[in-house]
Amino acid sequence: MSKIEFAGVRKVFQGDTPNPVVAIDNIDLTVRQDEFVSIVGPSGCGKSTLLYLLGGFLDLSGGEIRVDGRAVTEPGPDRGIVFQHFALFPWKTVLGNVEYGLAEQGMGKAERREIAQGYIDMVKLGGFEDTFPNRLSGGMQQRVALARTLACDPDILLMDEPFGALDAQTRHILQEELLEIWSRRKKTVLFVTHDVREAVILAERCVVVTARPGRVKTEIDTSSGKADGAAIEKKAEEIWDVLREELVRT
Amino acid sequence: MRPLAGLGRTAFYYTPLLIIGLAWEAMARTGILPPDLGPSPMQTIAALRLLYTDGDLVMHAGISFWREFAGFASSCVLGTAVGVGMARVDWVRTVFRPIVTFLYPMPKSALIPLLLLWFGIDHMSKIAAVFLGCLLPVVTSAFNGARGVEPQLIWSARSLGTSSTAILWKIVLPAALPDILSGVRIALSVSWLLLVSAELLISRSGLGFLISYTGESGDYSSMFAAILVVVSIGFLADRLFLHVIRWVLRYRDFTG
Ligand SMILES: Nc1ncnc2c1ncn2[C@@H]1O[C@H](COP(=O)(O)OP(=O)(O)OP(=O)(O)O)[C@@H](O)[C@H]1O
Ligand SMILES: [Mg+2]
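Sequence order as written defines the numbering, with residues in each chain counted from 1. Lettering of chains starts at A and numbering of ligands starts at 1, both following the order in which they are written. Only residues with pLDDT of 70 or above have their local features reported here, since the model is predicted, and side-chain atom pairs are shown and tallied only from 80 upward, although totals for entire chains, interfaces and linings are computed over all residues. Hydrogens and water are ignored here; the side-chain numbers use all heavy atoms of the structure.

Some thoughts on the overall build of chain B
Moving on, step 1. For chain B, the helix and strand inventory stands at eleven helices and zero strands.
Moving on, step 2. Taken from the N to the C terminus, the helices and strands of chain B come in the order α-α-α-α-α-α-α-α-α-α-α.
Moving on, step 3. Taking the principal axes of the C-alpha coordinates as reference, chain B spans close to 75 × 55 × 30 Å.
Moving on, step 4. A burial count over chain B gives 43% of its 256 residues as buried.
Moving on, step 5. The criterion used for residue contact is that any of the two residues' heavy atoms lie within 4.5 Å. Within chain B, contacts between residues separated by at least 24 positions form 72% of all contacts whose residues are at least 6 apart in sequence.
Moving on, step 6. In these tables, accessible area is a Shrake-Rupley quantity obtained with a 1.4 Å probe, and a residue counts as shielded only by the protein chains included in the view. Surface accessibility of chain B: about 14500 Å² in total, with carbon and sulfur atoms responsible for 72%.
Moving on, step 7. Averaging the coordinates of the 19 positive side-chain charges in chain B and doing the same for the 14 negative ones gives two points 13 Å apart. Runs of E in the DSSP output that reach at least two residues are strands. Runs of H or I that reach at least four are helices, and both are numbered from the N terminus. A simple rule labels every residue: compare its accessible area, found with a 1.4 Å probe on the protein chains alone, to the largest value its type can have, and call it buried under 20%, exposed over 50%, or partly exposed in between. Only four residue types enter the charge count: Lys and Arg as positive, Asp and Glu as negative, with His and the chain ends excluded. The atom standing in for a charge is NZ when the residue is Lys, CZ when it is Arg, CG when it is Asp and CD when it is Glu.

And the structure:
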């Protein structure tokens, strides 16, 4: 059975401007349990909006989003999110951030500390438990955000250009870590990116969204061809060719 | 070594004040300053000692402190609640926004006679003056702080299991705290000014009363001493509060 279904999803922002913005229009998309799907598209085509709708942060203007067959109405710990700019709680330490969700679920102090520590070690931040986010580099902050989201063990992981603000080396390391995490503990992942190579390396399927108003333009299978650099480049080129048509439209 | 160096820097910073005091004293003693301009610094300090030993100073300062604390604390709690509520709850904004906009430009000291009429000349009118003086700076800073909270912080917390009501105190309040505290700092100095003014105007106790009473009875040394105490308390309270703010917001400083 499909894990996530977008059916005729539409989002219009009324905003302060006189003419409303149709961010996405009539998106249909189905994601299987434990599938890793990447989403690429021109800037402003509604990729973030799509994730926020699934997260339950925004109200739909039309259509329906179902998770496990049930319509999404509000946010919930079954859908974890990682933002491009981390969105850590600056007044909480690394440990405080990572165990926040566990505390919200009513878990006792000793137990949540142990679990949080496990995730902190997993993202290689042992020794920084009592440090405030402000004193960490961007890459380290994104690791904290990842640990904070994973600690609640969500079924679905929403990632909105999570490595977009990081330098190339850090991005590469975090990509590998994410893949390792995903292979060890399967989750359904929706991963928005501007980097088509990243889409190929990480995902099993790449969804290309059209220029605004966003719709699904094409889906490209990226489950194979990750073995060597040449294959990755070839696949990336294939996505680029589709994407380029949309980029010139914006 | 570092605390000592800090102390040295502080001493250096306030040296000009000390020099003015010494010069004043010297001019008073040599007669350059006519005596009817008021007591010299040393005379003031002597009067201060006397006021302290006979217990008057402690009593009036205690009363002023209590009024300040009662008005300030209740105003901070209520002002924060209203400000955050206005930012996050539509009906609260609809109700309070016109009230705040209307009261904002009003000189709060104009309310003192009215408060005397309503609450009498004892504690309540003074507490009310402090309360009203603090309220607007706290409300507006809490409102601005709470409005500026990044949606992604709220969404993160929501998807980690926080209910939409609990978001108010678990996320919005701490995220707005830097703004709230700077509003509270303004409130602290404004309210002290208002309290002493109210006590000066009509009162039977408090430091403001002490100033007006000693002044009216011609005891200018004591009057100067009381003024010195009022100024010093205002100054020390602000410094102390600044340190509290730094400590509460210590997560923000980069070098640690
Ligand atoms: N809160 C909002 N109010 C009004 N318009 C909005 C709002 N959020 C997004 N939009 C508009 O909706 C459209 C889609 O925005 P969205 O952020 O989803 O794009 P995106 O694909 O994530 O872009 P990028 O790749 O640059 O991150 C944009 O045109 C944007 O201006
Ligand atoms: Mg986006």
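Details of the domain arrangement of chain A
All names here are of chain A.
Moving on, step 1. Start and end positions for the domains come from either an automated domain assignment or a database one. Per the domain assignment, the segments making up chain A are domain 1 (2-78 + 156-247) and domain 2 (85-153).
Moving on, step 2. Here domain 1 and domain 2 have C-alpha centroids that lie 25 Å from each other.
Moving on, step 3. Every contact between the two is made by 15 residues of domain 1 and, on the other side, 15 residues of domain 2.
Moving on, step 4. Across the domain 1/domain 2 interface, buried area totals approximately 1200 Å², and carbon plus sulfur atoms make up 66% of it.
Moving on, step 5. Throughout, the accessible surface (probe 1.4 Å) given up by two parts as they are put together, summed over both, is called the buried area. When the area that domain 1 buries against domain 2 is broken down by residue, the three leading residues are P77, E177 and I181, summing to 33%.
Moving on, step 6. A pairing counts as a salt bridge when a side-chain nitrogen of Lys or Arg comes within 4 Å of a carboxyl oxygen of Asp or Glu. Linking domain 1 with domain 2 are four salt bridges, by the criterion used here.
Moving on, step 7. Note that R185 and D153 form a salt bridge whose closest N and O atoms lie 3.3 Å from each other.
Moving on, step 8. Polar contact criterion, stated in full: a pair of N or O atoms within 3.5 Å, where within protein one must be able to donate a hydrogen and the other to accept it, and residues adjacent in sequence count only if both atoms are side-chain atoms. Remark: the boundary between domain 1 and domain 2 carries five residue pairs in polar contact (both at pLDDT 80 or more).
Moving on, step 9. Within the residue set of the side of domain 1 that touches domain 2, elements represented by two or more residues are β7 (156-160) and α5 (168-184).

Considerations on the site of ligand 1
All names here are of chain A.
Moving on, step 1. Definition of nearness: a residue and a molecule or strand are near each other if at least one heavy atom of the residue lies within 4 Å of the molecule or strand. Within the structure, ligand 1 sits among 13 residues, and S43, G44, K47, S48 and T49 are positioned closest to it.
Moving on, step 2. Within the contact set of ligand 1, an oxygen atom lies 2.8 Å away from a backbone nitrogen or oxygen of G44.
Moving on, step 3. At a separation of 3.2 Å, an oxygen atom of ligand 1 approaches a polar backbone atom of C45.
Moving on, step 4. Here ligand 1, which alone exposes 630 Å², has 64% of that area covered by the protein.
Moving on, step 5. Counting residues per element, the shell around ligand 1 draws most heavily on helix α1 (residues 47-55), at three residues.
Moving on, step 6. Note on residue classes: Ala, Val, Leu, Ile, Met, Phe, Trp, Tyr, Cys and Pro are nonpolar, Asp, Glu, Lys and Arg are charged, and everything else, Gly too, is polar. Split by residue class, the shell around ligand 1 holds four nonpolar, six polar and three charged.

A short note on unusual backbone geometry
Residues and elements named next belong to chain A.
Moving on, step 1. Residues R212 and P213 are joined by a peptide bond in cis, for which omega reads -5°.
Moving on, step 2. Residue placement: P213 occurs in the loop between β9 (205-209) and β10 (216-221).
Moving on, step 3. One non-glycine residue, F86, lies in the positive phi region at around 65°.
Moving on, step 4. Mapped onto the fold, F86 is located in the loop between β6 (79-82) and α2 (94-104).
Moving on, step 5. Phi angles above zero are rare outside glycine, and E161 is one such case at about 45°.

A short note on empty space enclosed by the protein
Leftover empty space is mapped by rolling, across the atoms, a probe with the size of a water molecule.
Residue and element names in this part refer to chain A.
Moving on, step 1. Residues are called lining when one of their atoms sits within 4 Å of a cavity or pocket point, these points coming from a 1 Å grid over the protein atoms alone, where a cavity is a set in which a 1.4 Å probe fits but cannot get out and a pocket is an open set with protein on both sides within 12 Å along at least five of seven lines. Grid points are joined across faces, edges and corners, and a volume is the space filled by probe spheres set on the points. Enumeration according to the criterion identifies one cavity of 30 Å³ or more in this entry.
Moving on, step 2. In this model, the largest cavity occupies a volume close to 30 Å³.
Moving on, step 3. Together, L150, L157, L178, I181, W182, R185, K187 and V189 line the largest cavity.
Moving on, step 4. Per element, the largest residue contribution to the lining of the largest cavity is three residues, and it comes from α5.
Moving on, step 5. Split by residue class, the lining of the largest cavity holds six nonpolar, no polar and two charged.

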